[in-house]
Amino acid sequence: MPPKKRNSGTTQIKDVKSAESVSPNKKECPELSFKKHRDKDAEFVTLCKSLHVTDLVCERSWALWKSVQVSMDEIADGPRKVWVACLFVTATDANVASFTLTQVLKAVNLNVTQFVALVRKLDVNMDTISSKVNSALTRVEKKYGVLLALYQRFEKTCRKIFALASDNPERETMRSCWTMFLLAKGRALQMEDDLVISFQLLLCTLELFIKRCPPDLLQPLYKSAISKVQSPPTRTSRRSQSKAKSRPLEPEVDLQLLKTLCNENECNGEEVKNVYQTSFLAFLESLDFSKSPDFPQAKDLNQQYEDHYLKSRDIDGRLFFDGDETVLPSKVEILQEEKTPKKNLPDEEVLIPPQTPIRAVMTSIRDLRGDLTSNGDQPSNNLATYFKNCTVDPTQDVLKRLETVGQDFSQRFGEAVGPHCVALGWQRFKLGVRLYYKIMEAMLKSEEKRLSVQNFSKLLNDATFHTSLLACALEVVMATYGESSFMTRGFNHAGASNPVENDLCFPWILDVVHLPAFDFYKVIESFIKAEPTLSKDIVKHLETCENLIMERIAWRRNSPVFELLKQEHGGGAADQVETPASISQPLQHNHTAADLYLSPVRGGLRDLPPESPATPTSQTLNQPAGQTPRLPKSNSLSLFYKKLYRLAYTRLQLLCSSLLSSHPELEPIIWTLFQHTLQHEHELMRDRHLDQLMMSAMYAICKVKSVDLRFKTIVTAYKDMANTNQETFKHVLIAEGHYDSIIVFYNQVFMQKLKTNILQYASTRPPTLSPIPQIPRSPYKFPNSPLRVPGSNNVYISPLKSSRMSPGIMTPRSKMLVSIGESFGLPNRFQKINQMVNSGERSFKRCLDPGSAPKPLKRLRFDVDGQDEADSSKSGRDSALILKLAEMSSTRNRMQEQKMKEDAESKE
């Protein structure tokens, strides 16, 4: 039966107001004294008292307000909004918050997005917002985005489930369902911003309420979906319930109903069933509700959730249901609701549904699982044959390694996500194993074709290779499920006293499998090439992982990179890690994983046999008698440095275009100092970030060239670059265990180490300029993605692959997609495409005009091939594509004109 009717809106508002009047830590917060704060604005002190802050927080918040007051004068509606931002920053830094985020939002009538933006504006001098506050803001953004997406899907799903009634009992049921979900999510998950598991918990909650709902409140689909064989549990007395507690409770899930819910929401039924039987059932048992035939009492649910919300000092998720302005987006965003595609309508344009967060991740999961359907949990026959062909069969070692890593992975997954999520970790791991086997087999087939050998004993008995390949497969799975999202990653700097809280973002997987980042980097490119079905988003994710490794993770204190560099620069290497002359040469992507794992050093003689997984390649070069043998050059380190130089120059070029467009002559000079530092002073990179050296080199050259460029200007522009973190310039290693700002690093470390070299650029005989790296197209292709026609923002072409990669999934609503092989529709659609192409011709010609200066980019963007758009180089294939499209457009025009002429003649 439905819960007892109550005045939903009024009761909810009262609950929120009562929550606002109570401090989460009221017993721990001494009463604020007005006498101690006579020097402050009385309204500010009253605000502090209403939020139950301590005297210390009040004092520090007022000092922060005075320091930013001048720069924040443009904020509308007076200083009150800035005051609460200052209180949030101070309380978060001191970890003594006596108020919830919702209480702060309601105090000044701001929504979450507006408040986060306001707090970030306080960082006027780049030292106002600490890493702790920045991490807190990032968590707020992500958790809010997840809650908003879940509630929007909840409303949409409920409209399909519940039938409208005159007295709105379905709204009361929905309210209780949403509140129960919020409580389940808060208790079951430590990572409450996990979208997938949260959504699966929501489906579990809906299943529970549907099967307890009176049939007359249900739509026909869900009324018929309830299992006929399932008889509702009978009401039992408390005495009999207490006796039953000693017996284990069986799962009460209605599989037929759950299957219907999963199908309607494009969710995997087995995964949701697993969540129900582990996390959700444990939550129900904690409420003593798992066998109850009734709805939980709304009052009890509300009180339990309020206790959780006050303790977490977070957003009150109940306000989504009430349409409260503090949690809802702007009216413009609300109007952009999900719409069903309209097809075959004569005079209307096809409306393609937007990629909502839930639809996007469900589609990605479905595609990943679909691609691995034919791959089992054991090696395929072909892979088993490769194992048997080895001199030493690696099968047992592979299986033993998988068992050990699987246990560690699932256990660590449960520790990070939630106490009952170990089984979910095993599910993720099994998918990763299937992908691991699939990629390994593809790599071996490619190596067999390349080398005409079948004995890969050395490669397949290399533990580092297997661990790296498995880690990459698991990272792909984690990224597909949205559990390795770079939006939420903190800056986990070495030596930090307060490490970032547990999350699953890269490089979490490296810590789980105990793998150095440099070894992981070796497999990324071969992994992508071996799996052409990887989506564009996953490829970009792996490319970001590779960049993170090159820019900082590979430079951690105990990284093998330093040992390799020591060997290279110790006088025994055949040549230096990367000669200046080779920097400007094209980057050849012909290295396989076998090359990099089995050939850490390469021979320099032309008559050496080809490198192969079956042939040892570590050979000593011939030396005259009496001389110390010269070690061959490191193959993996050489490729690493080639990519490092290209990444470094791309970043520098972008920063220079933003700051030094009037001094183009300085860019090659800054690059020369930057490149010299990476090659000859690589110890400066230990436990530091690539961009710290880049910004220091820029400041140094501008200083000796008498160009007025301040560090504050540099870091302000740097913040606008993509994939950057403020900790890069706020938290720089100065000495062991001591961190400070980048300005202190420049004065005490960088300038002291390179002072002589820097001053040479002010002399009449400066050092020879380093060659500019040739920035190639990214080796990571996206064959499954729509390709944007250069010169147009509106025209995309894509190969027709399968129904699961349909235009409705792949393209945004505002794009038009032509799929060769499918019916296109009305002829006027071709006219629209012609107009799009024609409108793009002028802008495309303009970008080819050498006399027009490119507009500086504020953010680093990549085209479909991963190429930096700041780079003006275009391949011949792009030009050929433009010519081909122009030819097709011209042909269509002639055909349409001819048809119109024939029609006119026939009418006459």
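Calculation criteria
Residues numbered from 1 in each chain as written. Predicted model: local features only at pLDDT ≥ 70, side-chain atom pairs only at ≥ 80, totals over all residues. Heavy atoms only, no water. Helix = DSSP H or I, 4+ residues; strand = E, 2+ residues; numbered from the N terminus. Areas by Shrake-Rupley, 256 points an atom, 1.4 Å probe, with all protein chains shown as cover. Phe/Tyr/Trp six-rings, centres within 6.5 Å; stacked < 30°, edge-to-face > 60°. Buried < 20%, exposed > 50% of the residue type's maximum accessible area, 1.4 Å probe, protein only. Lys NZ or Arg CZ within 6 Å of the ring centre and 35° of its normal. Polar contact = N/O pair within 3.5 Å; in protein donor to acceptor, adjacent residues only side chain to side chain. Expected span 1.5 Å × (residues − 1). Core = buried A, V, L, I, M, F, W, Y, C linked by side-chain atoms within 4.5 Å. Contact = heavy atoms within 4.5 Å. Pairing = 2+ DSSP bridges. Salt bridge = Lys/Arg side-chain N within 4 Å of Asp/Glu carboxyl O. Disulfide = S-S within 2.5 Å. Axes fitted to C-alpha atoms, helices over the stretch in contact; angles between N-to-C directions. Parallel < 35°, antiparallel > 145°, perpendicular 65-115°, else oblique. Left-handed = near helix turned anticlockwise from the far one by under 90°. Nonpolar A, V, L, I, M, F, W, Y, C, P; charged D, E, K, R; others polar.

## Re the overall build of the protein
Alright, step 1. The helix and strand tally for the protein stands at 36 helices and five strands.
Alright, step 2. Counting every atom, the protein has about 43400 Å² of accessible surface; 51% of that belongs to carbon and sulfur.

## Comments concerning unusual backbone geometry
Alright, step 1. The amide bond that connects Phe 506 to the next residue, Pro 507, takes the cis arrangement and shows omega of 15°.
Alright, step 2. The phi dihedral of Arg 313 is positive, around 55°, even though this residue is not glycine.
Alright, step 3. Assignment of secondary structure puts Arg 313 in the loop between helix H14 (298-312) and helix H15 (331-335).

## Focus: the packing of aromatic side chains
Alright, step 1. Counting across every chain of the model gives 39 aromatic pairs.
Alright, step 2. Ring centres 5.2 Å apart and planes at 40° place the aromatic pair Phe 154 and Trp 178 in the tilted group. Placement of Phe 154 in helix H7 (residues 131-161) and of Trp 178 in helix H8 (residues 169-188) is noted, with a sequence separation of 24 residues between them. In terms of burial, Phe 154 and Trp 178 fall into one category: buried.
Alright, step 3. A ring pair is formed by Trp 555 and Phe 562, whose centres lie 5.7 Å apart and whose planes are at 70°; its orientation type is edge-to-face. The residues Trp 555 and Phe 562 share a single accessibility class, namely buried.
Alright, step 4. Put simply, the rings of Phe 518, Tyr 521, Trp 555, Phe 562, Phe 640, Tyr 641, Tyr 645, Tyr 649, Trp 671 and Phe 674 pair up and form one aromatic cluster.
Alright, step 5. Seen from the ring of Tyr 481, Arg 428 lies directly overhead, with NZ or CZ sitting 4.0 Å from the centre.

## Points about the side chain of Ser 770
Alright, step 1. As for its placement among the helices and strands, Ser 770 is situated in the loop between helix H33 (742-760) and strand S3 (787-788).
Alright, step 2. A relative accessible area of 10% places Ser 770 in the buried class.
Alright, step 3. A distance of 2.8 Å separates the side chain of Ser 770 from the side chain of Gln 675, its partner in a polar contact.

## Comments concerning helix H30 (residues 690-704)
Alright, step 1. Helix length check: H30, at 15 residues, gives a terminal C-alpha distance of 22 Å against a target of 21 Å (1.5 Å per residue), a fit within 8%.
Alright, step 2. Burial analysis of H30 places 14 of its 15 residues in the buried class, which makes it a mostly covered element.
Alright, step 3. Just downstream of H30 lies Ser 706, where phi reads positive at about 60°.

## Regarding the nonpolar core
For soluble globular proteins, nonpolar side chains are generally found buried alongside one another.
Alright, step 1. Among the nonpolar cores identified, the biggest contains 242 residues, and Phe 527 and Met 698 are the most heavily contacted of them.
Alright, step 2. Residues within four places of Met 698 in sequence aside, it is in contact with Leu 652, Leu 655, Cys 656, Leu 659, Leu 660, Ile 670, Leu 709 and Ile 714.

## Some remarks on the pairing of strand S1 (residues 732-735)
Alright, step 1. Bridge count between S1 and strand S2 (residues 738-740): three bridges; the pairing is antiparallel. The residue bridging Leu 733 from the neighbouring strand is Tyr 739, located in S2.
Alright, step 2. Between the end of S1 and the start of S2, which pair antiparallel, lie two residues, with Gly 737 showing a positive phi angle near 80°.

## Brief notes about the pattern of salt bridges
Alright, step 1. Applying the stated rule across the entire model yields 33 salt bridges.
Alright, step 2. Linking Asp 367 and Arg 366 is a salt bridge whose minimum nitrogen-to-oxygen distance equals 3.7 Å.
Alright, step 3. Ionic pairing is found between Glu 483 and Arg 428, a salt bridge with its closest N-O pair at 2.9 Å. Placement of the pair is Glu 483 in the loop between helix H21 (463-480) and helix H22 (508-513) and Arg 428 in helix H19 (residues 422-451), with a sequence separation of 55 residues.
Alright, step 4. With a relative accessible area of 1%, Arg 428 lands in the buried category.

## Some points on the state of the cysteines
Alright, step 1. Applying the stated rule across the entire model yields zero disulfides.
Alright, step 2. In this structure Cys 48 is not part of a disulfide, and its nearest cysteine sulfur, from Cys 58, lies 3.8 Å away.
Alright, step 3. You can call Cys 48 buried: its relative accessible area is 0%.

## Observations concerning the packing of H8 against helix H9 (residues 195-211)
Alright, step 1. Contact geometry for H8 and H9: axes closest at 9 Å, N-to-C directions at 135°. By the angle between their directions, the pair H8 and H9 is classed as oblique. Here H8 and H9 pass one another in a crossing that is right-handed. Of the residues in H9, those touching H8 at Thr 173, Ser 176, Cys 177, Met 180, Phe 181, Ala 184, Lys 185 and Ala 188 are Ser 198, Leu 201, Leu 202, Thr 205, Leu 206, Leu 208 and Phe 209.
Alright, step 2. When the residues that make up the contact of H8 with H9 are grouped by side-chain class, the tally is ten nonpolar, four polar and one charged.

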